[in-house]
Amino acid sequence: MSDPLKTLIAACRSGEQPYQALVERVPYARFLGIGIEARGEELTFVLQKADSNLGNPTLPALHGGALAGFMEQAALIFLLLEMGEPRLPKTIDFTIDYLRAGLFRDTFAECRVTRLGRRVGNVNIEAWQTRRDEPIAIARAHFLLSEDSSQS
Amino acid sequence: MTSESTPKYTPLDICRRFVTSVRHSAELGIEVTDASEQRVRALMPWQEKLVGNPDTGVLHGGAVFAFLDQVGGLAVVTRIYPEFEITPTIDFRLDHLRAPGKGKNLIGIAECYRLSEHVAFVRLSAFEEGQEDEPVTTGLATYMRMKIPSENQFRKSKA
């Protein structure tokens, strides 16, 4: 993992930098329009309502792929901040269940690390729009945690 | 537009019209190259805005996901054609076997290998363009079949 990223993570943790800086460094996260709302260290990820994330234009509905990408990116940032000594997570697999239609409005996501091992991290992600207890999708992903991105 | 004057569309025409109408897929730059009842093949160009790791230029797993979700949906569309149905994704799993190289366009292939009364089962893979024997990503998905009651919503919406 690059030193600038390690420095940035430390700065986010100490409050010198907003968590949003972790979104801004990733082109795809900027493209989707991801925001982070923090209450202390509790993070809620936000996918702002945007035309560019529309799927079915007649409903109109959020594109399932944009939703999945948002949830994967949320898990990546969440995992980075959970590790005492951050290592670069690489997605091994990503599995999503779509439970309700995603409408043309803001979408929220929260993550939970189910298991953080030495080599692999397992993260669960829930996304909702109107009510937290009515998720529109749930996902889980495994991430490979490599010591140094230059070695892979 | 009456049904008599409507030209017969090929599966490829249908796929291309579909992708054009889906804003996010247009943003991804998806171009359908082949489409038949058995299989759909499409290309997603490497783009700076789709990068997940700014240090290496590797595409974000989410961008690959969104690409293959679209190609999988098209595989269901061509399998059902000339009927039209709304087919929301039920679940979707991707395995990232290796990272695609910086600047490499991706080819996505989807095949609807089972169409039951209510559910379509699809397998997917993605390759770097020109390296079609070495998948970077493989996946499985299921889609719900929702019959459209009136005769032909797809053409109607374009009329």
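Residues numbered from 1 in each chain as written. Chains lettered and ligands numbered in written order. Predicted model: local features only at pLDDT ≥ 70, side-chain atom pairs only at ≥ 80, totals over all residues.

A. Layout of the overall build of chain A. Check the secondary structure of chain A and you find 4 helices and 6 strands. Mapped in sequence order, the helices and strands of chain A form the string α-α-α-β-β-α-β-β-β-β. In terms of C-alpha radius of gyration, chain A reaches 15 Å, essentially the compact-globule figure of 15 Å for 152 residues. Taking the principal axes of the C-alpha coordinates as reference, chain A spans close to 45 × 30 × 30 Å. (Helix = DSSP H or I, 4+ residues; strand = E, 2+ residues; numbered from the N terminus. Rg over C-alpha atoms; globule rule 2.2 N^0.38 Å.)

B. Seen up close, the overall build of chain B. For chain B, the count of helices and strands is 4 helices and 10 strands. When the helices and strands of chain B are placed in sequence order, the string is α-α-β-β-β-β-α-β-β-β-β-β-β-α. Counting all 159 residues of chain B, 41% fall into the buried class. For chain B, the share of sequence-separated contacts (at least 6 apart) that also reach a separation of at least 24 residues comes to 64%. (Buried ≥ 20, exposed ≤ 12 C-beta atoms within 10 Å, placed from the backbone. Contact = placed C-beta atoms within 7 Å.)

C. Layout of the interface of chain A and chain B. Facing the 30 residues of chain A at the interface are 31 residues of chain B. If you list the elements that add at least two residues to the side of chain A that touches chain B, you get helix H3 (27-32), helix H4 (64-82) and strand E3 (88-98) of chain A. If one sorts the elements of the side of chain A that touches chain B by residue count, E3(A) sits on top with 8 residues. Bridge analysis of E3(A) against strand E6 (residues 89-96) of chain B gives 5 bridges, and the strand direction is antiparallel. Each bridged residue has a counterpart across the sheet, and for A:Asp97 the counterpart in E6(B) is B:Asp91. (Pairing = 2+ DSSP bridges.)

D. Structural view of the confidence of the model for chain A. Considering every residue of chain A, the mean pLDDT works out to 93; 97% of them sit at 70 or more. Across chain A, the secondary-structure element scoring lowest on mean pLDDT is helix H1 (residues 3-14) of chain A, at 92, and the one scoring highest is strand E5 (residues 120-128) of chain A, at 98. (pLDDT = per-residue confidence, 0-100.)

E. Quick peek at the packing of helix H1 (residues 11-21) of chain B against helix H3 (residues 61-80) of chain B. Residue and element names in this part refer to chain B. H3 packs onto H1 with a crossing angle of 140° between their chain directions and a minimal axis gap of 10 Å. Taken as axis vectors, H1 and H3 run oblique relative to one another. Every pair of crossing elements has a handedness; the one defined by H1 and H3 is right-handed. Counted together, Pro 11, Ile 14, Cys 15, Phe 18 and Val 19 of H1 and Gln 70, Leu 74, Val 77 and Thr 78 of H3 form the full contact between these two elements. (Axes fitted to C-alpha atoms, helices over the stretch in contact; angles between N-to-C directions. Parallel < 35°, antiparallel > 145°, perpendicular 65-115°, else oblique. Left-handed = near helix turned anticlockwise from the far one by under 90°.)

F. Expanded view of the sheet that holds strand E7 (residues 106-115) of chain B. The strand order across the open sheet formed by 12 strands is E1(A)-E2(A)-E4(A)-E5(A)-E6(A)-E3(A)-E6(B)-E9(B)-E8(B)-E7(B)-E2(B)-E1(B), and the pairing between neighbours is antiparallel. In this open sheet, the two edge strands, each paired with only one partner strand, are strand E1 (34-39) of chain A together with strand E1 (31-35) of chain B. If you compare each strand with its neighbour and ignore which way they point, the axes differ by 25° on average. Sheet topology note: the E3(A)/strand E6 (residues 137-146) of chain A ladder contains 10 bridges and is antiparallel. Bridging from a neighbouring strand, A:Tyr98 pairs with A:Ala137 of E6(A).

G. Here's a closer look at the pairing of strand E2 (residues 42-47) of chain A. Residue and element names in this part refer to chain A. For E1 and E2, the ladder comprises 6 bridges, and the chain directions are antiparallel. The partner of Ile 36 across the bridge, within E2, is Phe 45. Once E1 ends, the chain turns through 2 residues before running back antiparallel as E2, passing Gly 40 with a positive phi of about 65°. Here E2 runs beside strand E4 (residues 107-116); their pairing, made up of 3 bridges, is antiparallel. In the strand pairing of E4, Phe 45 is matched with Ala 109.

H. Quick look at the nonpolar core. The biggest cluster of nonpolar side chains holds 79 residues, and the ones touching the most others in it are A:Met71, A:Ala74, A:Ala75 and B:Phe67. The element that contributes the greatest number of residues to this core is H4(A), accounting for 12 residues. Leave out the neighbours within four places in its chain, and A:Met71 touches A:Ile96, A:Ala109, A:Ile125, A:Ala127, A:Ala137 and A:Ala139. (Core = buried A, V, L, I, M, F, W, Y, C linked by C-beta atoms within 7 Å.)

I. Inspection of the packing of H4(A) against H3(B) at higher detail. H3(B) packs onto H4(A) with a crossing angle of 160° between their chain directions and a minimal axis gap of 8 Å. Classified by the angle between their axes, H4(A) and H3(B) sit roughly antiparallel to one another. Considering the relative orientation of H4(A) and H3(B), their crossing is right-handed. Counted together, A:Gly64, A:Gly65, A:Ala66, A:Ala68, A:Gly69, A:Glu72 and A:Gln73 of H4(A) and B:Gly61, B:Gly62, B:Ala63, B:Phe65, B:Ala66, B:Asp69 and B:Gln70 of H3(B) form the full contact between these two elements. Per-class residue counts for the contact of H4(A) with H3(B) are 5 nonpolar, 7 polar and 2 charged. (Nonpolar A, V, L, I, M, F, W, Y, C, P; charged D, E, K, R; others polar.)

J. Fine view of the environment of A:Ala50. Residue and element names in this part refer to chain A. By the element assignment, Ala 50 lies in the loop between E2 and H4. Judged by C-beta crowding, with 17 C-beta atoms within 10 Å, Ala 50 ranks as partly exposed. The spatial distance from the C-alpha of Ala 50 to the C-alpha of Ala 141 is 25 Å, given a sequence separation of 91 residues.

K. Inspection of the confidence of the model for chain B at higher detail. Confidence along chain B averages 91 in pLDDT terms, with 89% of residues attaining 70 or more. For this predicted complex, the interface score ipTM comes out at 0.92, alongside a pTM of 0.92.

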